[in-house]
Amino acid sequence: MQPRVDNVFPLRAQGTSLYDLPVPVERLRTAVQELDTLRCCVERVACEPHWSALEWRAACTPLMLRLPGARQALAGLADITPGQWPDTGWAVRLAAARDEVERRLADVSTSLSALTHGKPIAVDAVIGFGVEGTSLAKAADELSGLIASRYPDAVSAG
Amino acid sequence: MEHQVIPPGQARRWYYGDDPVEPLTELQSALADLLAKADDDPRSLDANSERAHQLVTDTCRRLSRTVFSPGGPLDPLLYKQAYDALIATRDAERDMYEVYANDLECYRERAVKGLRVAESDSDRLALVRRRRKYIPRLLAFHAQTMAILEHLRERR
């Protein structure tokens, strides 16, 4: 009987050089930069329950401008899969952390739409945005930390 | 939604052509001056309202054509949320300007006719209220535009 081989992924050695990784090092660096900037932007938005949509738009524009870059950076990490990455365990954790940031980004983006176009602004929407923003900042910090701790040279190299 | 990964070098290529930041900075600098004057003396806006409205219109048009345009530095599809927010604020400014400009015109016309004190006070109060509603719209538009300019400068 012939063994089935189509569901077997050869694991790569963990000692692979930074420049032999399946994803360019610049992509890891870009992701960390984008995630850190995104986290700062989210944390800077002070949730003021009495703001109008006009005030929310003014306060959240820096954050809205950061979302596409963060999404692109996350898309750049999509190729890091357990089957292709030398460190399987790390790749599994990264994929989970990346999914979490993507989910949180979508939540924050939806909340922003409600706040910046809503008339009037419901207090629940403001509270929801605060909670989702905190979750996004935490998820972004975790993902960034995961990359920085495993590949510090990639992140620090200019 | 799929996102294409753009290498940093490619994302910045547009800057070697026409740079949209400089003219936008000049427009916003002019608007900032008017807002600073209005902060010191809100009545100064009465003489500059048309200019302020024109600056908003010109800024928004320039942003649409040179920044949030296909091939521009901020892809209109990717940056739709920020762009829609800018347009919503521009619309809010435009709507309130229409009312404020109308009140201003009425106030001036009626002042020429020599109103009694009570009527004059009433007109003035209405104008003050309109102005108070108009200034936050200018401020919000200015804040959003400055955030966009800051973002463009960072990408350079």
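**Here we look at the overall build of chain A**
Piece 1. Within chain A, the secondary structure is distributed over five helices and zero strands.
Piece 2. Mapped in sequence order, the helices and strands of chain A form the string α-α-α-α-α.
Piece 3. Buried residues in chain A amount to 38% of all 158 residues.
Piece 4. Within chain A, contacts between residues at least 6 apart in sequence are counted, and of these 78% link residues at least 24 apart.

**Here we look at the overall build of chain B**
Piece 1. In terms of regular secondary structure, chain B is built from five helices and zero strands.
Piece 2. When the helices and strands of chain B are listed from N to C terminus, the series reads α-α-α-α-α.
Piece 3. Sequence-distant contacts in chain B: of pairs separated by 6 or more residues, those separated by 24 or more amount to 75%.

**Some remarks on the packing of helix α2 (residues 53-76) of chain A against helix α3 (residues 88-117) of chain A**
All names here are of chain A.
Piece 1. Where α2 contacts α3, the axes come no closer than 10 Å and their chain directions differ by 155 degrees. With respect to α3, the element α2 is oriented roughly antiparallel. Note that α2 runs across α3; the crossing there is left-handed. Across the interface between the two elements, Ala53, Trp56, Arg57, Cys60, Met64, Leu67, Ala70, Arg71 and Leu74 of α2 pack against Arg98, Val101, Glu102, Leu105, Ser109, Leu112, Leu115, Thr116 and His117 of α3.
Piece 2. Its residues placed into classes, the contact of α2 with α3 shows 11 nonpolar, three polar and four charged.

**Some points on the interface of chain B and chain A**
Piece 1. At the junction of the two partners, chain B supplies 20 residues and chain A supplies 20 residues.
Piece 2. Of all elements in the fold, only α4 (80-112) and α5 (117-155) of chain B reach the threshold of two or more residues within the side of chain B that touches chain A.
Piece 3. When residues of the side of chain B that touches chain A are assigned to their parent elements, the largest contribution, eight residues, is made by α5(B).
Piece 4. When the residues that make up the side of chain B that touches chain A are grouped by side-chain class, the tally is 14 nonpolar, five polar and one charged.

**Some points on the packing of α3(A) against helix α4 (residues 123-150) of chain A**
All names here are of chain A.
Piece 1. In the contact formed by α3 and α4, the axes pass within 8 Å of each other and the chain directions differ by 155 degrees. Put simply, α3 runs roughly antiparallel to α4. Seen from above, α3 lies across α4 with left-handed handedness.
Piece 2. For the contact of α3 with α4, the residue count by class is 15 nonpolar, four polar and eight charged.

**Structural notes on the environment of A:Ala137**
All names here are of chain A.
Piece 1. Note that Ala137 resides in helix α4.
Piece 2. On a C-alpha basis, the gap between Ala137 and Leu105 in space is 9.5 Å, while along the polypeptide they are 32 residues apart.
Piece 3. Ala137 has contacts with Arg39, Val42 and Glu43, leaving out every residue within four places of it along the chain.

**A short note on the nonpolar core**
Piece 1. Core analysis: the biggest nonpolar cluster contains 69 residues, and A:Leu35 and A:Met64 have the highest contact counts within it.
Piece 2. Elements with a contribution of two residues or more to this core: α1 (25-44), α2, α3 and α4 of chain A together with α2 (21-40), α3 (44-67), α4 and α5 of chain B.
Piece 3. Broken down by element, the residue count for this core peaks at 13 residues, all from α2(A).

**A look at the confidence of the model for chain A**
Piece 1. Overall, the prediction assigns chain A a mean pLDDT of 88, with 87% of residues at 70 or greater.
Piece 2. Ranking the elements of chain A by mean pLDDT puts helix α5 (residues 152-156) of chain A last, at 81, and α2(A) first, at 96.

**Some points on α3(A)**
Piece 1. With 30 residues, α3(A) extends 44 Å from end C-alpha to end C-alpha; this agrees with the ideal 44 Å at 1.5 Å per step.
Piece 2. Where the residues of α3(A) are buried, they touch α2 and α4 of chain A together with α4 of chain B.

**With respect to α2(B)**
Residue and element names in this part refer to chain B.
Piece 1. In this model α2 runs 28 Å from its N-terminal to its C-terminal C-alpha over 20 residues, within 8% of the 28 Å that 1.5 Å per residue would give.
Piece 2. Every buried residue belonging to α2 is among Leu24, Leu27, Leu31 and Ala38, and all of these are buried. Looking straight down α2, one finds that the buried residues subtend no more than 70 degrees of arc, so they occupy a single side. Residues of α2 that are exposed and point more than 90 degrees away from the buried face comprise Glu22, Glu26, Ser29, Ala36, Asp39 and Asp40.

**Details of the environment of B:Arg90**
All names here are of chain B.
Piece 1. Relative to the helices and strands, Arg90 resides in helix α4.
Piece 2. When the C-alpha positions of Arg90 and Cys60 are compared, they lie 7.4 Å apart, and in sequence the two are 30 residues distant.
Piece 3. Apart from residues lying up to four places away in sequence, Arg90 is in contact with Val56, Cys60 and Phe141.

The rules behind these values
Residues numbered from 1 in each chain as written. Chains lettered and ligands numbered in written order. Predicted model: local features only at pLDDT ≥ 70, side-chain atom pairs only at ≥ 80, totals over all residues. Helix = DSSP H or I, 4+ residues; strand = E, 2+ residues; numbered from the N terminus. Buried ≥ 20, exposed ≤ 12 C-beta atoms within 10 Å, placed from the backbone. Contact = placed C-beta atoms within 7 Å. Axes fitted to C-alpha atoms, helices over the stretch in contact; angles between N-to-C directions. Parallel < 35°, antiparallel > 145°, perpendicular 65-115°, else oblique. Left-handed = near helix turned anticlockwise from the far one by under 90°. Nonpolar A, V, L, I, M, F, W, Y, C, P; charged D, E, K, R; others polar. Core = buried A, V, L, I, M, F, W, Y, C linked by C-beta atoms within 7 Å. pLDDT = per-residue confidence, 0-100. Expected span 1.5 Å × (residues − 1). Arc of directions from axis to C-beta.

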